[in-house]
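Geometric and topological summary
Here are the chains, one letter per residue:
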Amino acid sequence: MKRFACGDVVPGCEDVFLGATEDEVLDKALQHAADAHGMTEVSEETMDHARGLVTTVA
Ligand SMILES: [Zn+2]
């Protein structure tokens, strides 16, 4: 299972996302970023950064 913590990108945010694949987790994170942080446009650079922060959990 994959895990991504929004707080790694947005300091202070405590939302954490879990999914079967990296894409699934990043999809949820993107949706959250738009809804909760107003980040409707995420650069390729930010996505690369976020991708590097996805961890694998049991
Ligand atoms: Zn967040």
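Scroll up to find the structure.
Now for a look at the structure at hand. (Residues numbered from 1 in each chain as written. Predicted model: local features only at pLDDT ≥ 70, side-chain atom pairs only at ≥ 80, totals over all residues. Heavy atoms only, no water.)

What follows is about the coordination of the zinc ion. The protein atoms donating to the zinc ion are Cys6 (SG), Cys13 (SG), His32 (NE2) and His37 (NE2), with metal-donor distances spanning 2.0 to 2.2 Å. Considering all four donor atoms around the zinc ion, angles at the metal cover 102 to 114° and the coordination shape is tetrahedral. Look at where the donors of the zinc ion fall in the sequence and you get C-x6-C-x18-H-x4-H. Here Cys13, found in the loop between β1 (2–5) and β2 (16–19), pairs with His37, found in helix α1 (residues 22–37); they are 24 residues apart in sequence, far enough to count as distant. Judged by relative accessible area, Cys13 falls into the buried class, the value being 16%. (Donors = N, O, S within 2.8 Å, 3.2 Å for Na, K, Ca; no water. Tetrahedral: all angles 85-135°; square planar, octahedral: opposite > 155°, others 65-115°. Helix = DSSP H or I, 4+ residues; strand = E, 2+ residues; numbered from the N terminus. Buried < 20%, exposed > 50% of the residue type's maximum accessible area, 1.4 Å probe, protein only.)

What follows covers the sheet that holds strand β3 (residues 55–56). Strand pairing in a sheet is mediated by backbone hydrogen bonds. Such pairs are either parallel or antiparallel. Read from one edge of the open sheet, three strands run β2-β1-β3, paired in antiparallel fashion. Among the strands making up the open sheet, the edge pair consists of β2 and β3. Its contacts with the sheet place α1 against β1 and β2, and it is angled at close to 145° to β2. (Pairing = 2+ DSSP bridges. Contact = heavy atoms within 4.5 Å. Axes fitted to C-alpha atoms, helices over the stretch in contact; angles between N-to-C directions.)

All right, on to the pattern of salt bridges then. Inspection of every chain in the model, using the stated rule, returns three salt bridges. The salt bridge partner of Glu22 is Arg51, with a shortest N-O separation of 3.7 Å. Placement of the pair is Glu22 in helix α1 and Arg51 in helix α2 (residues 44–53), with a sequence separation of 29 residues. Residue Arg51 is classed as partly exposed on the basis of its relative accessible area, which comes to 30%. Members of the salt-bridge network, linked through shared partners, are Glu22, Asp48 and Arg51. (Salt bridge = Lys/Arg side-chain N within 4 Å of Asp/Glu carboxyl O.)

Taken together, the side chains of Met1, Val16 and Leu18 define a hydrophobic patch exposed on the protein surface, amounting to about 260 Å² of accessible area. Mapped onto the elements, Leu18 comes out in strand β2. For Leu18, a relative accessible area of 39% puts it in the partly exposed group. (Patch = residues over 30% accessible without salt bridge, like charges linked within 9 Å, V, L, I, M, F, W, Y side chains within 5 Å. Areas by Shrake-Rupley, 256 points an atom, 1.4 Å probe, with all protein chains shown as cover.)

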